[in-house]
Amino acid sequence: RQRQMCIRDRLYVMERTWFWQLLFADDYQWSAGGGDATFMILAGVRLLMVLGVPFSASKFRGGFELDWVGYWMDYKYFEVGLSEARAGWIYEWLMRKLNDGAVLIKEFREALGRLGFASGALENWRPFLGPLYAWSAMVPLYSYVELPVMIKIIMRYLADEIADGNYKEKVEVRPREEEWFRADAKAEKEGVGIGGWETRGGKSPKDARWFSLKLTRRNAPWVFEGGEPYTKIATLELLATMICVISFPVEDEKAGGRGSLTLSGVTDNLGNRFAVSKLMTTKFPLCAAMMQLSSTLA
């Protein structure tokens, strides 16, 4: 009964105003809009104080730009990312382990948890975590081992992203319903190839830009290593998707400035659809193509 009364009282106090509450452990983050935005936030604080929720006044902060549990948010420019402190910690840890050349797996898993938390704001980091999860899961918890080459490359990439200031990004999205391209791949013994064509603007195939690339043991030896080429069909189709993104770039003279854009492409591989939606896979070499696609889009 008390819980129901609290819910009713809170709904009555907020009425129909624009008010959002995020909660992580015991850290609140409130957002409000409209002419009574400040009043509604204060009303929320007052209501919880009346209900006996303890607060620490020294931890209160606010404005259009703020840090919260390691995240950084800017409501004025619609940007989100990591706080300076969180980004600094990740960079220092990555560089320290790269200089050591080895790591205690228990410590590596703890740091990987922080990287996973960071990817909540920086989605383009997510594909780079797949190989890190896969490797750490295969090594005993309390072992101290040398870092493999691929893990070093990923750690160096993430460190460079932070050093270049790429740990904050714009979240504004300008949706496009139009289909941008179609891509496909084939893998039949020695007959391996990828291709794609631009469908934007309702172009007919004969008028569209297109590409077709035959892969051989000479120009793409990785396709023929570790089994038959057909076992890598998902990677080949994602590679074709990435080349479409590069070959048929966004050219919108009216847009100007910098922002985000949603575009769509079609392949006949449902597995890739789920992988791209999650931006995560631990399978090799699909994870390598996913990392490159994410970096290209970013």
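Parameters at a glance
- Residues numbered from 1 in each chain as written.
- Predicted model: local features only at pLDDT ≥ 70, side-chain atom pairs only at ≥ 80, totals over all residues.
- Heavy atoms only, no water.
- Helix = DSSP H or I, 4+ residues; strand = E, 2+ residues; numbered from the N terminus.
- Buried < 20%, exposed > 50% of the residue type's maximum accessible area, 1.4 Å probe, protein only.
- Contact = heavy atoms within 4.5 Å.
- Areas by Shrake-Rupley, 256 points an atom, 1.4 Å probe, with all protein chains shown as cover.
- Phe/Tyr/Trp six-rings, centres within 6.5 Å; stacked < 30°, edge-to-face > 60°.
- Lys NZ or Arg CZ within 6 Å of the ring centre and 35° of its normal.
- Salt bridge = Lys/Arg side-chain N within 4 Å of Asp/Glu carboxyl O.

Visitor: Mind laying out the overall build of the protein chain, listing which residues take part and the relevant values?
Guide: For the protein chain, the count of helices and strands is 9 helices and 14 strands. Scored against the burial criterion, the 298 residues of the protein chain give a buried share of 37%. Taking the intrachain contacts of the protein chain between residues at least 6 apart in sequence as the baseline, contacts between residues at least 24 apart amount to 62%. Here the protein chain has roughly 18700 Å² of accessible surface; of this, 55% comes from carbon and sulfur atoms.

Visitor: Could you give me a rundown of the packing of aromatic side chains, with the residues and numbers involved?
Guide: Considering all chains together, one arrives at 11 aromatic pairs under this definition. On the numbers, 6.0 Å between centres and 45° between planes, the contact of F19 with W30 is tilted. Here the residue F19 occupies a position in strand β1 (residues 19-24), and W30 occupies one in strand β2 (residues 27-32), the gap between them amounting to 11 residues. Judged by relative accessible area, which is 15%, W30 ranks as buried. Between the aromatic rings of Y28 and W30, the centroid separation amounts to 5.6 Å while the plane-to-plane angle is 50°, which identifies the pairing as tilted. Note on Y28: relative accessible area 29%, which makes it partly exposed. Taken together, the ring pairs in this structure connect F19, Y28, W30, F55 and F60 into an aromatic cluster. Of note, K168 hangs over the ring of W72, and the distance from its end group to the ring centre comes to 4.1 Å.

Visitor: Give a description of the side chain of S83 that names residues and reports values.
Guide: In this fold, S83 is placed in the loop between β5 (79-82) and α3 (84-100). Taking the relative accessible area as the measure of exposure, S83 reaches 5% and is therefore buried. When near neighbours in sequence (up to four residues on either side) are disregarded, S83 contacts D67, G70, Y71 and W72.

Visitor: Run through the pattern of salt bridges, naming residues and quoting values.
Guide: Across all of its chains, the model carries 7 salt bridges by this definition. When the shortest N-O distance is used, the salt bridge between E84 and K168 registers 3.3 Å. Remark: K168 occurs in strand β8 (residues 168-170) and E84 occurs in helix α3; sequence separation between them is 84 residues. The partly exposed category is assigned to E84, whose relative accessible area is 48%. When the shortest N-O distance is used, the salt bridge between K97 and D100 registers 4.0 Å. Placement of the pair is K97 and D100 together in helix α3, with a separation of 3 residues, close to one helical turn. Under the relative-accessibility criterion, K97 is labelled buried at 9%.

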